[in-house]
Amino acid sequence: LAEAEIEYQDVTDPSIFVKFLVRGRRDEYILVWTTTPWTIPANLAVAVHPDLTYARVRLHKGGKREVYTMLEEKAEEISKKVQADRFEILETMKGEKLAGLQYFHPLLPMVPYQRTVNADWVHRVLTSSTVTTENTGCVHIAPGHGPEDFEIGKEYNIPPFCPVDERGIFTEDGGVYKAQSVKDSNPRIIEDLKKMRALVHEERITHRYGHCWRCKTPIIYR
């Protein structure tokens, strides 16, 4: 479809906060937010805005203490959203200081490709001026599933990974999600994130989403 052929309608989708474990640091994570859980299997990077202020925030909840990287201005709001007992800001920095930080993909055992992909900026934090102050300010990047993500991938020489065919069905590259439609896979991916202890918060959100003007069904980017 051409951009002019896309109609936008209000739909209700999952809204999830996912923690990506930082390599070499215990109980420390990058906190990302998305309304498309089905794109997580194709995640290859996380983007932050170079000029915005981020923080390492320690959340205390039920006797557990974990550190999350997020926008400083969102720390209190997110702390309340996840029902933390309290929070403390350990350190602040501009987004550009986070560039190069490495993380583990949250669904590593489920998607074999994620264990073999190799490029300098894969599974790292990178910077992009397209990032906004919405939610955590840490954007999960899947170059195979979005125009902005694709352009960021080109800039950083990250190969686009798209384990979804033209019917919206996961291919063999989708690992355990093979043969599932992207929409049907959402609940399973959310459940798998829970099993991996990577799901921080889950809710529902109503937002505008692109649909085909002919058949009125939701579109996906490949």
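Residues numbered from 1 in each chain as written. Predicted model: local features only at pLDDT ≥ 70, side-chain atom pairs only at ≥ 80, totals over all residues. Heavy atoms only, no water.

### Looking at the overall build of the protein chain
The helix and strand inventory of the protein chain stands at 4 helices and 9 strands. Projected onto its principal axes, the C-alpha coordinates of the protein chain cover approximately 50 × 35 × 35 Å. In the protein chain, buried positions account for 53% of the 222 residues. Contacts in the protein chain between residues at least 24 apart in sequence constitute 69% of all its contacts with a sequence separation of at least 6. A total accessible area of about 11200 Å² is found for the protein chain, and carbon and sulfur atoms account for 46% of it. Across the protein chain, the mean location of the 30 positive side-chain charges is 6 Å away from that of the 32 negative side-chain charges. (Helix = DSSP H or I, 4+ residues; strand = E, 2+ residues; numbered from the N terminus. Buried < 20%, exposed > 50% of the residue type's maximum accessible area, 1.4 Å probe, protein only. Contact = heavy atoms within 4.5 Å. Areas by Shrake-Rupley, 256 points an atom, 1.4 Å probe, with all protein chains shown as cover. Lys, Arg positive; Asp, Glu negative; His and termini not counted. Charge placed at Lys NZ, Arg CZ, Asp CG, Glu CD.)

### Here we look at helix H3 (residues 147-155)
For H3, the complete set of buried residues consists of Asp149, Ile152 and Gly153. Relative to the axis of H3, the buried residues are bounded by an arc of 105 degrees and lie together on one face. When the buried face of H3 is taken as reference, the exposed residues oriented beyond 90 degrees from it are Lys154 and Glu155. Looking at the buried residues of H3, the elements they touch are strand S7 (124-127) and strand S8 (139-141). In the stretch just after H3, asparagine 157 is the one whose phi turns positive, near 55 degrees. (Arc of directions from axis to C-beta.)

### Some points on the sheet that holds strand S4 (residues 53-61)
If you trace the 6 strands from one edge of the open sheet to the other, you get S6-S4-S5-S2-S1-S9, paired in mixed fashion. Sheet topology places strand S6 (86-94) and strand S9 (199-212) at the edges, where each strand pairs with a single neighbour. Neighbouring strand axes in the sheet, compared pairwise and without regard to direction, differ in orientation by 25 degrees on average. As paired strands, strand S2 (residues 28-34) and strand S5 (residues 64-71) are joined by 3 bridges and run parallel to one another. When the bridges of S5 are listed, tyrosine 29 appears paired with tyrosine 68. (Pairing = 2+ DSSP bridges. Axes fitted to C-alpha atoms, helices over the stretch in contact; angles between N-to-C directions.)

### Quick notes on the pairing of S2
Summarising burial for S2: 7 of the 7 residues are buried, a large majority. Burial of the side chains of S2 extends over both faces: Glu28, Ile30, Val32 and Thr34 are buried on one face and Tyr29, Leu31 and Trp33 on the other. Adjacent in sequence and paired antiparallel, strand S1 (residues 6-21) and S2 are bridged by 6 residues, among which glycine 24 carries a positive phi angle near 80 degrees.

### A word on helix H4 (residues 182-195)
A rise of 1.5 Å per residue sets the reference length of H4, with its 14 residues, at 20 Å; its end C-alpha atoms lie 20 Å apart and thus fit the reference within 8%. Taking the largest bend as the criterion, H4 deviates by roughly 25 degrees, centred on arginine 188. Among the residues making up H4, those that are buried are Val182, Ser185, Asn186, Ile189, Ile190, Asp192 and Leu193. Residues of H4 that are buried make contact with S1 and S9. Two residues or fewer past H4, arginine 197 is found with a positive phi of approximately 55 degrees. (Expected span 1.5 Å × (residues − 1). Bend = angle between axes of the 7 residues up to and from the residue.)

### With respect to the sheet that holds strand S3 (residues 45-48)
Strand order in the open sheet formed by 3 strands is S7-S3-S8, and the pairing between neighbours is mixed. Two strands close off the open sheet at either side, each with one partner strand: S7 and S8. Here the strands of the sheet are splayed against their neighbours by 40 degrees on average, with no regard to which way each runs. Here 4 bridges tie S3 to S7, and the two strands are oriented parallel to one another. Bridge assignment links alanine 45 to a residue of S7, and that residue is arginine 124.

### Quick word on the pattern of salt bridges
The full count for this structure, using the stated rule, is 18 salt bridges. One salt bridge in this structure joins arginine 56 and glutamate 28, with 2.8 Å as the shortest N-O distance. Placement of arginine 56 in strand S4 and of glutamate 28 in strand S2 is noted, with a sequence separation of 28 residues between them. Of the charged contacts, one joins glutamate 91 and arginine 56 as a salt bridge, the two residues approaching to 3.2 Å between their closest N and O atoms. Linking glutamate 91 in strand S6 with arginine 56 in strand S4, this pair joins segments that are 35 residues apart in sequence. One connected set of salt bridges, linked through shared partners, spans Arg25, Glu28, Arg56 and Glu91. (Salt bridge = Lys/Arg side-chain N within 4 Å of Asp/Glu carboxyl O.)

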